Amino acid sequence: MARRLPYRDQGLFPSEAEIARRLSQDPTDWMAKAIVLERDGLPRIDPLMGARYWPAVLGYWNRRYGLSHVEVSCLDGQENLDAL
């Protein structure tokens with residue numbers, strides 16, 4: 001088993017094993033799931049950094065579950081600038 005370096009589990013480009021842990025997935029199962037999810041928009045591993053950009057991974061899941069944008073539920077009325 002390869003020794004995991006502690007800095008690889010921190011920061012913006014965590015290891016695949018750490019991403020699996022953060023998503024409550026078994027690392028072996030995550031590898032197969034990631035291939036399928038990449039077809040749906042999961043960020044690919046950045047070739048220069050050697051890992052996925054974590055904020056983009058979170059953004060992917062937020063979009064997938066409809067949490068990526070805020071909509072105004074109703075107008076709150078006209079502004080009255082003379083009120084002050």
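Residues numbered from 1 in each chain as written. Predicted model: local features only at pLDDT ≥ 70, side-chain atom pairs only at ≥ 80, totals over all residues. Heavy atoms only, no water.

**Q** I tried to follow the pattern of salt bridges on my own but got confused; where do I start?
**A** Side chains bearing opposite charge may pair, as long as their charged atoms lie close to each other. In total, this model carries six salt bridges according to the counting rule given. With its nearest N and O atoms 2.9 Å apart, the salt bridge here joins Glu 16 to Arg 52. Taken as a pair, Glu 16 in helix α1 (residues 16-22) and Arg 52 in the loop between α2 (27-38) and α3 (54-64) lie far apart in primary sequence, 36 residues in all. Classification of Glu 16 as buried rests on a relative accessible area of 18%. Given a relative accessible area of 3%, Arg 52 falls into the buried group. For Arg 21, the salt bridge goes to Glu 18, with nearest N and O atoms at 2.6 Å. With Arg 21 and Glu 18 both in helix α1, this residue pair falls three residues apart, about one helical turn. On the basis of relative accessibility, which here comes to 53%, the residue Arg 21 falls in the exposed class. Looking at Glu 18, the relative accessible area reads 6%, which means it is buried. Bridged by salt links that share partners, the residues Glu 16, Glu 38, Arg 44 and Arg 52 form one connected network. (Salt bridge = Lys/Arg side-chain N within 4 Å of Asp/Glu carboxyl O. Helix = DSSP H or I, 4+ residues; strand = E, 2+ residues; numbered from the N terminus. Buried < 20%, exposed > 50% of the residue type's maximum accessible area, 1.4 Å probe, protein only.)

**Q** Please clarify how α3 should be interpreted in this entry.
**A** Restricting attention to buried positions, one finds in α3 the residues Trp 54, Val 57, Gly 59 and Tyr 60. Against α1 and α2 lie the buried residues of α3. (Contact = heavy atoms within 4.5 Å.)

All quantities given are derived from atomic positions and should not be read as evidence of function.
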